[in-house]
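Now for the letters of each chain:
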Amino acid sequence: MARKKEKLPFIKIIYFDNSTAIDYINIINEGEITIEEINKVMNESGANINVGGEAKAKTSLLNMLKLSIGLKSNVNLSSSSEKIVNSTLTTNMMVEFIKFAKDDKKIEQIKDVKLYADKETASYIKSVSPYLALLKDTNEIPEFKDFNIAKFDEVISKAKGYYEFIAKKKDGKEIILRFNVDGFRNNYKFNDLLRMDLTYYGIKVGNCFKEDIKFINEINQEEKIVTINDFNDSNDNTNDELLDIYDVILAGVKND
């Protein structure tokens, strides 16, 4: 009798940071992979890898490495065929990661949140900058009057690898979700995050004040000094509350 396939929790993936996923599983596995095991995944005999139930992290990592190797080796395919093959391999990497994340308590599922971008952050400016190119004079918009919008994408891409959005929960509590611009799939962009009902798989990496992610404060980071008064004042002013920061590995529409 054919084994019943496990129902996956997503019906559509819009974001997947595959490099971070592989790195994370490798760290959880404590890097305990031998050269022989790596060689095994590079040939067809290693297609279905199983190193025992007690080593799920290693199994997941080796499977993802095999798929990752496949992404880099299809140089002889036509452009259209390569795109299809790479997309299929990436999808299988996502499936492997989703299976692993289900039982990993360090990977948090974040749902029932609404994202927004603070108008004074680099994330907001990057999300609207393509439209600003249509304007003859951006000085008419107060928040952009001091920016050279034509150079913004070039400069900000060198300065930032991740972009922060604020996620508001149903109870009003806020957290910060960070995204790698290279992780978006199927031509989705930052603005799409604000309109979709998504579930996020993320890892908590720290915390900061909401003010810290504002563009001007990132530029002047060395001048910002946090004192005990900042923490005392946070009890009286929600804008000064420390927010948890999560690096998002995967985001998609739930298969309810």
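Fair warning: this is a prediction, and the values are worked out from it, not measured in the lab. (Residues numbered from 1 in each chain as written. Predicted model: local features only at pLDDT ≥ 70, side-chain atom pairs only at ≥ 80, totals over all residues. Heavy atoms only, no water.)

J.: Could you give an account of the overall build of the protein, with specific residues and numbers?
T.: When you go through the protein residue by residue, the secondary structure sums to 9 helices and 7 strands. For the protein, the proportion of contacts with a sequence separation of at least 24, taken over those separated by at least 6, is 74%. As displayed, the protein offers around 15600 Å² of accessible surface, 49% of which is attributable to carbon and sulfur atoms. (Helix = DSSP H or I, 4+ residues; strand = E, 2+ residues; numbered from the N terminus. Contact = heavy atoms within 4.5 Å. Areas by Shrake-Rupley, 256 points an atom, 1.4 Å probe, with all protein chains shown as cover.)

J.: Give a detailed account of the pattern of salt bridges, specifying residues and quantitative values.
T.: Across all of its chains, the model carries 7 salt bridges by this definition. One salt bridge in this structure joins K210 and E174, with 2.7 Å as the shortest N-O distance. In this pair, K210 is assigned in the loop between β6 (199-209) and α8 (215-219) and E174 in strand β5 (residues 174-180), connecting sequence segments 36 residues apart. Two residues, K214 and E211, come together in a salt bridge whose shortest N-O distance is 3.1 Å. (Salt bridge = Lys/Arg side-chain N within 4 Å of Asp/Glu carboxyl O.)

J.: Give me the pairing of strand β3 (residues 113-116): which residues, what numbers.
T.: Burial along β3 is one-sided: V113 and L115 are buried, while K114 and Y116, pointing the other way, are not. Of the strand pairs in this sheet, β3 and strand β4 (residues 162-169) are connected by 4 bridges, and their pairing is antiparallel. For L115, the partnering residue across the bridge sits in β4 and is A167. (Buried < 20%, exposed > 50% of the residue type's maximum accessible area, 1.4 Å probe, protein only. Pairing = 2+ DSSP bridges.)

J.: Break down the packing of aromatic side chains for me, with residues and values.
T.: Summed over all chains, the structure comprises 11 aromatic pairs. Here Y15 and F179 contribute two aromatic rings whose centre-to-centre distance is 5.2 Å and whose plane-to-plane angle is 85 degrees, an arrangement assigned as edge-to-face. Residue Y15 is located in strand β1 (residues 10-16), and its partner F179 is located in strand β5; the two are separated by 164 residues in the primary sequence. Looking at F179, the relative accessible area reads 0%, which means it is buried. A centroid spacing of 6.0 Å and a plane angle of 70 degrees characterise the contact between F179 and Y200, whose relative ring orientation is edge-to-face. Of this pair, F179 sits in strand β5 while Y200 sits in strand β6, and the two are 21 residues apart along the sequence. (Phe/Tyr/Trp six-rings, centres within 6.5 Å; stacked < 30°, edge-to-face > 60°.)

J.: Give a detailed account of unusual backbone geometry, specifying residues and quantitative values.
T.: Unusually for a residue other than glycine, D112 sits at a positive phi of about 55 degrees. Relative to the helices and strands, D112 resides in the loop between β2 (108-110) and β3. Residues other than glycine seldom take positive phi values, yet N187 does so here, at roughly 65 degrees. The class for N187 is exposed, based on a relative accessible area of 70%.

J.: Go over the side chain of D247, please, and point to the residues and values.
T.: Position of D247 among the secondary structure elements: in strand β7 (residues 242-254). Residue class for D247 comes out buried when judged on its relative accessible area of 14%. A polar contact is formed between the side chain of D247 and the side chain of R178, at a distance of 2.6 Å. Apart from residues no more than four positions distant in its own chain, D247 is found in contact with Y162, R178, Y201, G202, I203 and V205. (Polar contact = N/O pair within 3.5 Å; in protein donor to acceptor, adjacent residues only side chain to side chain.)

J.: Talk me through the pairing of β4; I want residue IDs and the actual numbers.
T.: Two strands pair when backbone bridges link them, and β4 and β5 are joined in this way by 7 bridges, in the antiparallel orientation. Counterpart to F165 in the pairing with β5 is L177. Between β4 and β5, which follow one another and run antiparallel, lie 4 residues, and G172 among them has a positive phi close to 90 degrees.

J.: With reference to specific residues and values, describe the nonpolar core.
T.: I14, L115, L177, F179, L193 and Y200 are the most contacted members of the largest nonpolar core, which has 30 residues in total. The set of elements that each furnish at least two residues to this core consists of β1, β3, α5 (122-132), α6 (149-159), β4, β5, α7 (190-193) and β7. When residues of this core are assigned to their parent elements, the largest contribution, 5 residues, is made by α5. Judged by nonpolar contacts, the second largest core, of 18 residues, contains F10, I98, I107 and Y201. (Core = buried A, V, L, I, M, F, W, Y, C linked by side-chain atoms within 4.5 Å.)

J.: Explain helix α1 (residues 18-28) residue by residue, including any values.
T.: For α1, every residue scored as buried is listed here: A21, I22, Y24 and I25. Along the axis of α1, the buried residues cluster in a sector spanning 165 degrees; they form a single face. (Arc of directions from axis to C-beta.)

J.: Run through the side chain of K160, naming residues and quoting values.
T.: Summarising the element assignment, K160 is placed in the loop between α6 and β4. Overall, the relative accessible area of 13% leaves K160 in the buried class. A polar side-chain atom of K160 sits 3.3 Å from the main-chain carbonyl oxygen of Y162. Here the side chain of K160 touches E164 through a polar contact of 3.2 Å, side chain to side chain.

J.: Outline the environment of K99, listing residues and values.
T.: With respect to the helices, strands and loops of the structure, K99 is situated in helix α4 (residues 79-102). Taking the relative accessible area as the measure of exposure, K99 reaches 35% and is therefore partly exposed. Separated by 91 residues in sequence, K99 and L8 place their C-alpha atoms 8.1 Å apart.

Structural measurements only, silent on function.
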